[in-house]
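# Structural overview
Take a look at the letters that make up each chain.
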Amino acid sequence: MASRLLLKFLLQVGVLLFILESANSQGLQVGFYKKTCPSVEAVVRKTTAKFIQKAPSLAAPLLRIHFHDCFVRGCDGSVLINSTATNQAEKSAIPNLTLRGFQVIDAVKAEVEKACPGIVSCADILALVARDVVNLSMGPTWQVPTGRRDGRISLASEALANLPPPFFNITELKASFQQKGLSVKDLVVLSGAHTIGIGHCTSFDNRIYNFTGKGDVDPSMDPNYVTRLRALCPEGNVTDFVQMDPGSSKIFDTHYYKVVAKRRGLFQSDAALLDDNETKIYIGLQINSNNPSFFSDFGVSMVKMGNISVLTGNAGEIRKNCAVIN
Ligand code: HEM
């Protein structure tokens, strides 16, 4: 009798371990929603396109949201959660105050919920929207593995600790990416996202007014460009912004690398890509090749970034409202 009970117990433990194991080892897969929500990718694309056609400048911040999601607690939609009376969420952290486009994510989620209620995570929606906005800005497309679940924790302190600031040097940038399982190549490729979008004067004004506390400028920046930026960003200005890739800031192309090579990268983190052999060589290749690899590289690196510490299986939840934990 005792041995039968023991056998039953062991079997139950075995089944439990198997369930837990398969929940954890379940990776992301392309077409995860093929049976449960076959229209999801079409719905995401259509809704996103409606917004981008009206306001193309929203493409850049929507791409950035996915990056800011993935680098903090993994790609679990935690960047979308609103702060409450008792919790300062990631959204309230300084680097996230310049994120925009949350209304697009909410609209996409609403359309997806109409098609298949309670099935698709906000984290997956972010990954799909990021892919679509790049493509809608004349950039490449790629297949996005899905199956992420939404997290239930979002802390401003973690955003501050994990997002690389614009003043990082190459050593710090490499370490930041390595911590997330991303390579030096991923760093130079993903930095190419700065081919679209804007930067506020506050993100780089130290470089043009007071680099070392002596009223000096960053010697790594083209002095003519310093003059031009000073005209666009009067000292102390906290509201204005400039295009990161002037003249082509709504088009996803290789032009960013030309800007960086000319010592006109907007942030120290852009300029820093000239301080490492591997990243510098990559920049040269993108500028000088007739058939640059940037477009296909970008899809590969985005899929890698989209895999950072994802929740799958039964972990986390499928949030009903992307801004609020269920
Ligand atoms: C390598 C480290 C990185 C640093 C230090 C960095 C820093 C920044 C900063 C400071 C801004 C400007 C924010 C503002 O002033 O409004 C910005 C904008 C942007 N970043 Fe990055 N970034 C990095 C990597 C990435 C990555 C990996 C992506 C996406 C794959 C990305 C996508 C963007 C986009 C699209 C914008 C423009 C946003 C807009 O137009 O509102 N960045 N980044």
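All values derive from a computational prediction rather than experimental measurement.

## Brief notes about the state of the cysteines
In the structure shown here, the tally under the stated rule is 4 disulfides. Between the sulfur atoms of cysteine 70 and its disulfide mate cysteine 75 the distance is 2.1 Å. For the disulfide bridge between cysteine 70 and cysteine 75, the dihedral angle about the S-S bond is near 120 degrees, and by the sign convention the bridge is right-handed. The disulfide that involves cysteine 122 links it to cysteine 322, with 2.1 Å between the sulfurs. Every disulfide takes its handedness from the sign of the S-S torsion; for cysteine 122 and cysteine 322 that torsion is -90 degrees, giving left-handed.

## Section: the packing of helix H3 (residues 59-70) against helix H14 (residues 294-305)
At a closest axis distance of 10 Å, the pairing of H3 and H14 adopts a crossing angle of 40 degrees. Viewed along their axes, H3 and H14 adopt a mutual orientation that is oblique. Taken together, the residues of H14 that come into contact with H3 (itself represented by Leu63, His66, Phe67 and Cys70) are Phe298, Met302 and Met305.

## Side note on the site of the ligand
What surrounds the ligand is a group of 26 residues, the closest being Ala60, His194, Ile198, His200 and Ser203. Histidine 200 has a polar side-chain atom sitting 2.6 Å from an oxygen atom of the ligand. At 2.6 Å from an oxygen atom of the ligand is found a side-chain nitrogen or oxygen belonging to serine 203. Sorting the residues of the shell around the ligand by element identifies H3, helix H7 (170-179), helix H8 (184-191) and strand E1 (198-200) as the ones contributing at least two each. Per-element tally for the shell around the ligand: the top contributor is H3, with 4 residues. Residue classes in the shell around the ligand are distributed as 16 nonpolar, 8 polar and 2 charged. Shared between two domains, the shell around the ligand holds at least three residues of each, these being domain 1 (40-162) and domain 2 (170-304).

## Quick notes on the coordination of the iron atom of the ligand
Coordination of the iron atom of the ligand by the protein involves just one donor, His194 (NE2), at a distance of 2.1 Å. With respect to the secondary-structure elements, histidine 194 resides in the loop between H8 and E1.

Rules used throughout
- Residues numbered from 1 in each chain as written.
- Predicted model: local features only at pLDDT ≥ 70, side-chain atom pairs only at ≥ 80, totals over all residues.
- Heavy atoms only, no water.
- Disulfide = S-S within 2.5 Å.
- Axes fitted to C-alpha atoms, helices over the stretch in contact; angles between N-to-C directions.
- Helix = DSSP H or I, 4+ residues; strand = E, 2+ residues; numbered from the N terminus.
- Parallel < 35°, antiparallel > 145°, perpendicular 65-115°, else oblique.
- Contact = heavy atoms within 4.5 Å.
- Near = heavy atom within 4 Å.
- Polar contact = N/O pair within 3.5 Å; in protein donor to acceptor, adjacent residues only side chain to side chain.
- Nonpolar A, V, L, I, M, F, W, Y, C, P; charged D, E, K, R; others polar.
- Domains from an automatic or database assignment.
- Donors = N, O, S within 2.8 Å, 3.2 Å for Na, K, Ca; no water.

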